[in-house]
Amino acid sequence: MRDELLYIGKKIIDNKQELAIQFSDLMHSEYKRKLVYHEESEVLKWRAELIEYLGESLFEERSVVLKKIVQWGTDIGKVAVENGLSLSQTLKSLALFRTVIWGVFTEELQQKQFAPITMLDVSKKIDPMLDELNHIFVEIYEEHNTDTIKRAYAALEELSVPIVPLSEGIAVMPIVGQIDTHRSQLIMETALEKSAQLQLSYLIFDISGVLIVDTMVADNIFQIVKALQLIGTKTMITGIRPEIAQTVVDLGVDFGTIKTRATLEKGLEEIGFSKLPENSQRKKTNGVINK
């Protein structure tokens, strides 16, 4: 039995280049297109390597071959991800390795009249190696997808708490949507970091886009304001709509220690920003045009 497996394994290894070419012929055009940035000879080399390892699996120690399979799967899995191949495309390609190996040797195996048990043993040796590659590819894609989601979520979080500098030492943080514990922590971290980085003397929180202010949201706001006071940044809250004000009163929340204004415009006027009179704007514009 071992001699037969050795014979089949050697045959696979001796014909690895031919099998790699046949594999390429069977590949879907979309798969080939996404590997356009790699030389064809390089891609054939990768495929020939795996075919060689599958041949070795029929007569070499399993642990020795498995180590090679794991390294190959890790390297090629990363290449597949970098080239934008889908997981389904990558897994389908693995099935083709089994197809080309059996397709080439079916006639010869029949002529040699190998016992059915030999054919079964070949499958028992090769299939676990391909299964291991399936597992490796799935793990690589899951890790890639997880990292992508984390990056997207981090970018979304950054956009959800923007700080808009208005002039030297003054900025506005417009807050839209719900403020939960996680987001309030993000607001505090961003406010403290940017206030120190921009050396802000005044930071205005505009909450006109916040639909609900309950005791938890109010407490979070107090904590953020206190933290900013510790680093010397004054704060103001603007955009408290009438229904929000009524809710705050009903809840017994005391905003007395925090400076508030009804609108962002009022808040800016409070700290020295005001809208230019229409006549002044027209004169300034005409002056620029006349020049």
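As a reminder, the structure under discussion sits directly above these lines.
Residues numbered from 1 in each chain as written. Predicted model: local features only at pLDDT ≥ 70, side-chain atom pairs only at ≥ 80, totals over all residues. Heavy atoms only, no water.

## Quick word on the sheet that holds strand β2 (residues 170-176)
Each strand in a sheet pairs with another by means of backbone hydrogen bonds, the pair being arranged parallel or else antiparallel. The mixed open sheet is built from five strands, whose spatial order is β1-β2-β3-β4-β5. Each edge of the open sheet is held by one strand with a lone partner, namely β1 (164-167) and β5 (260-261). Contacting β1, β2 and β3 (202-209), helix α8 (residues 181-198) runs over the sheet at an angle of about 165° to β2. (Pairing = 2+ DSSP bridges. Helix = DSSP H or I, 4+ residues; strand = E, 2+ residues; numbered from the N terminus. Contact = heavy atoms within 4.5 Å. Axes fitted to C-alpha atoms, helices over the stretch in contact; angles between N-to-C directions.)

## With respect to the packing of helix α4 (residues 40-56) against helix α5 (residues 62-82)
Close contact between α4 and α5 brings their axes to 10 Å; oriented N to C, the two are set at 155°. Regarding the angle of α4 to α5, the classification is roughly antiparallel. As α4 packs across α5, the resulting crossing turns out to be left-handed. Residues Trp46, Glu49, Leu50, Tyr53 and Glu56 of α4 touch α5, and the partners they reach there are Val65, Lys68, Ile69, Trp72, Ile76 and Val79. Here the contact of α4 with α5 is composed, by residue class, of eight nonpolar, no polar and three charged. (Parallel < 35°, antiparallel > 145°, perpendicular 65-115°, else oblique. Left-handed = near helix turned anticlockwise from the far one by under 90°. Nonpolar A, V, L, I, M, F, W, Y, C, P; charged D, E, K, R; others polar.)

## What to know about unusual backbone geometry
A positive phi is found at Gln199, a non-glycine position, where the angle reads about 55°. Examined against the element boundaries, Gln199 turns out to sit in the loop between α8 and β3.

## Observations concerning the packing of aromatic side chains
For the structure shown, the criterion picks out two aromatic pairs. A network of ring pairs unites the aromatic residues Phe23, Trp72 and Phe97 as a single cluster. (Phe/Tyr/Trp six-rings, centres within 6.5 Å; stacked < 30°, edge-to-face > 60°.)

## Overview of the pairing of β3
Taking burial as the measure, the eight residues of β3 include six buried ones, the bulk of the element. Bridge count for β2 against β3 is six bridges, and the pairing is parallel. Within β3, the position partnered with Pro174 by the bridge is Asp206. For the handedness criterion, the β-α-β arrangement of β2, α8 and β3 is classed as right-handed. Where β3 and strand β4 (residues 234-238) come together, five bridges link them in parallel fashion. Bridge pairing links Leu203 to Thr235 in β4. Crossover β3 to β4 through helix α9 (residues 215-230) is right-handed. (Buried < 20%, exposed > 50% of the residue type's maximum accessible area, 1.4 Å probe, protein only. Right-handed = clockwise from strand over helix to strand, strands pointing away.)

## Details of the nonpolar core
Membership of the largest hydrophobic core comes to 36 residues, with the highest contact counts inside it found for Ile12, Leu50, Leu54, Leu58, Trp72 and Phe97. At the level of secondary structure, the elements contributing two or more residues to this core comprise α1 (2-14), α2 (16-26), α4, α5, α6 (87-111) and α7 (116-160). Looking at this core, the element that brings in the most residues is α4, giving eight residues. With residues near it in sequence (within four places) discarded, Phe97 still touches Phe23, Arg47, Leu50, Ile51, Leu54, Trp72 and Leu130. (Core = buried A, V, L, I, M, F, W, Y, C linked by side-chain atoms within 4.5 Å.)

Keep in mind that these numbers describe shape and distance, not what the molecule does.
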